[in-house]
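# Remarks on the overall topology
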Amino acid sequence: MQGFNKYYPPDFFDNVDKTSSLNAYKGKHALGDRARKLDQGILITRFELPFNIWCGTCNNHIGMGVRYNAEKKKVGAYYSTPIFSFRCKCHLCDGWFEIQTDPKNTRYVVVSGARQKDEDWNPEENGGFAVHDTDAHAVPVDPLASLEKTTDAQKGLVKAQDRLESLQEVSGHYNADPFALSSKVRKRFREEKKVEKAKKQADDKIKSRYALPETLNLLEDDGEAAESAKREWDRARTEESNKRRKLAVEIASSGRVGKRPTSANPLASLRARVLENTGRQSNPFGRPKP
Ligand SMILES: [Zn+2]
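Bear in mind that the values here come from a model prediction, so they are computed numbers and not experimental data.

Counting residues in each nonpolar core, the largest one holds 15 residues, and the members touching the most others are Phe47, Leu49, Ile53, Ile62, Phe97 and Ile99. Not counting the four nearest positions on each side in its chain, isoleucine 99 is found in contact with Phe47, Leu49, Phe51, Phe84, Ser85, Phe86, Tyr108, Val109, Val110 and Val111.

On to the sheet that holds strand S8 (residues 114–116). Strand-to-strand pairing in sheets goes through backbone hydrogen bonds, with the strands running parallel or antiparallel. Strand order in the open sheet made by the three strands is S3-S2-S8, with antiparallel pairing throughout. Every other strand in the sheet has two partners, leaving strand S3 (61–62) and S8 as the edge strands with one partner each. Summarising the sheet, strand S2 (residues 53–55) and S8 pair through three bridges and their orientation is antiparallel. Across the sheet, the residue bridging to tryptophan 54 is arginine 115, located in S8.

A few words now on the coordination of the zinc ion. Within the protein, the atoms that donate to the zinc ion are Cys55 (SG), Cys58 (SG), Cys90 (SG) and Cys93 (SG), at distances of 2.2 to 2.3 Å. Geometry at the zinc ion is tetrahedral, judged from the four donor atoms that bind it and their angles of 104 to 119° at the metal. Residue cysteine 55 is classed as buried on the basis of its relative accessible area of 1%.

What counts and how
Residues numbered from 1 in each chain as written. Predicted model: local features only at pLDDT ≥ 70, side-chain atom pairs only at ≥ 80, totals over all residues. Heavy atoms only, no water. Core = buried A, V, L, I, M, F, W, Y, C linked by side-chain atoms within 4.5 Å. Buried < 20%, exposed > 50% of the residue type's maximum accessible area, 1.4 Å probe, protein only. Contact = heavy atoms within 4.5 Å. Pairing = 2+ DSSP bridges. Helix = DSSP H or I, 4+ residues; strand = E, 2+ residues; numbered from the N terminus. Donors = N, O, S within 2.8 Å, 3.2 Å for Na, K, Ca; no water. Tetrahedral: all angles 85-135°; square planar, octahedral: opposite > 155°, others 65-115°.

Rendered as structure tokens:
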């Protein structure tokens, strides 16, 4: 009997090295008696009959689902899938029968020693159609369904035809004379390039004259830019003159209250003196009139 639990007999550690297992100590395979034919590539497994059979030796009927201790063995391969054979001993006689897996058709087949009861559903025998039949012509056509299908297809075809024609027209229009189109485009490109170049030269000239940075973007030299610059200039001037006037009023009013006497203003006193000396009321600093 193989070791099932964790009981280690007292002499275990004396006789075997500590990395060994209980099974090795007892001289048994982990699968026990089921592995008795392992040297022949046979493992004993429990196998359940997947269908009804008749035993080939005693000719008895054995029902689906009866279980046997079968000898399982790999007998081949379908691509990378192994084909297993199950050899069972009839429970009613001493005969053996063998059943194999069939990976190609995903089923089991009786190889020898028995006869399989053919109970597969045959749709054609029962007035139906085979499920895996890919031959479409074999299926009778339902006239209404086929009419519906063809009508839909025709509608789609008409729609697609119109669209295709319009696409072809557009394509033909653009591909009628590639040379003319190309030269037209290239000519326009050259003209635009010339204008751009001239503009860049003018800008560079201005930048070098005023030592402006190379990366500075100058405005377009057109009427709109000039207009906007003029507006900005006028606005700034008005603002500045308003500010000065306000300041002058403030100074004048502060002078009236006596904070700063008028005589203290050197310019004013100079002007008064000049007026006195020349006796002229206007143009005090200008050239004397002849
Ligand atoms: Zn039998």
